[in-house]
Amino acid sequence: MGLLDGLQTIVGDALSGKPVDLMAVAGQVLQNAGGLNGIVSQLNQAGLGEQVSSWIGTGSNLPISEDQIKTALSSETLRNLAQSFGVDVSQLPEILAEHLPKMVDTASPNGTLPT
């Protein structure tokens, strides 16, 4: 999990007050999506290449919406992730929309994806 070492912060889910471990969420998202390159590929295929490029690049990160997360990741992936972390599936896109840009940005500190 060395790609995301900088994300060991525990954040509170604003909707339920339940803590969410970003490292665990990131690991599950990446594993279910075929690794970092897999999730980037899924987001690009969903038409989110501009956002993804901003996260990988060295400039500021463009936001991603909950609806874009729902479109890019399958409902099965979202259900499995929500179940894994004990949050309602309706809350997960909000969590990912808030934190996924930071996760990808942290995993690509020099403006390139690790191989």
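Everything numeric in this text was worked out from a predicted model, so none of it was measured.

(A) Quick look at the overall build of the protein chain. Across its full length, the protein chain holds 6 helices and 2 strands. Shown N-terminal to C-terminal, the secondary structure of the protein chain runs as helices and strands in the order β-β-α-α-α-α-α-α. The proportion of buried residues among the 115 residues of the protein chain is 41%. Nonlocal contacts in the protein chain, meaning residues at least 24 apart in sequence, comprise 57% of its contacts between residues at least 6 apart. Total accessible area on the protein chain is roughly 5,900 Å²; 48% of this is exposed by carbon and sulfur atoms.

(B) Quick look at the pattern of salt bridges. Under the counting rule described, the total for this entry stands at 1 salt bridge. Put simply, lysine 70 and aspartate 67 hold a salt bridge, and the shortest N to O gap is 3.9 Å. Of this pair, lysine 70 and aspartate 67 both sit in helix 4 (residues 66–72), 3 residues apart, roughly one helical turn.

(C) Examining helix 6 (residues 92–107) more closely. Of all the bends in helix 6, the greatest, near 40°, is centred on histidine 99, and the proline proline 101 appears no more than four residues after it. Within helix 6 the residues assigned to the buried category are Leu92, Pro93, Ile95, Leu96, Ala97, His99, Leu100, Pro101, Met103, Val104 and Ala107.

(D) Quick peek at the confidence of the model for the protein chain. Model confidence for the protein chain is summarised by a mean pLDDT of 75, while 68% of its residues fall at 70 or above. No element of the protein chain has a lower mean pLDDT than strand 1 (residues 10–12), at 37, and none a higher one than helix 3 (residues 49–56), at 93. Per-residue pLDDT stays below 50 along residues 1–15; that stretch engages in 38 contacts with residues further than four places along the chain or on separate chains.

(E) Looking closely at the side chain of glutamine 51. Considering the arrangement of structural elements, one finds glutamine 51 in helix 3. Leaving out residues up to four positions away in the same chain, glutamine 51 has contacts with Leu62, Pro63 and Gln68.

(F) Fine view of the nonpolar core. Ranked by size, the top nonpolar core spans 24 residues in total, and within it Ile39, Leu43, Trp55, Ile64, Ile69, Leu96 and Leu100 carry the most contacts. For this core, the secondary structure elements donating two or more residues are helix 2 (35–45), helix 3, helix 4, helix 5 (75–85) and helix 6. Of all the elements, helix 6 adds the most residues to this core, at 8 residues.

(G) Focus on the environment of asparagine 44. Relative to the helices and strands, asparagine 44 resides in helix 2. A C-alpha to C-alpha distance of 8.5 Å links asparagine 44 and alanine 72, two positions 28 residues apart in sequence. When residues no more than four places from it in sequence are discounted, the contact partners of asparagine 44 are Gly49 and Val52.

Conventions adopted
- Residues numbered from 1 in each chain as written.
- Predicted model: local features only at pLDDT ≥ 70, side-chain atom pairs only at ≥ 80, totals over all residues.
- Heavy atoms only, no water.
- Helix = DSSP H or I, 4+ residues; strand = E, 2+ residues; numbered from the N terminus.
- Buried < 20%, exposed > 50% of the residue type's maximum accessible area, 1.4 Å probe, protein only.
- Contact = heavy atoms within 4.5 Å.
- Areas by Shrake-Rupley, 256 points an atom, 1.4 Å probe, with all protein chains shown as cover.
- Salt bridge = Lys/Arg side-chain N within 4 Å of Asp/Glu carboxyl O.
- Bend = angle between axes of the 7 residues up to and from the residue.
- pLDDT = per-residue confidence, 0-100.
- Core = buried A, V, L, I, M, F, W, Y, C linked by side-chain atoms within 4.5 Å.

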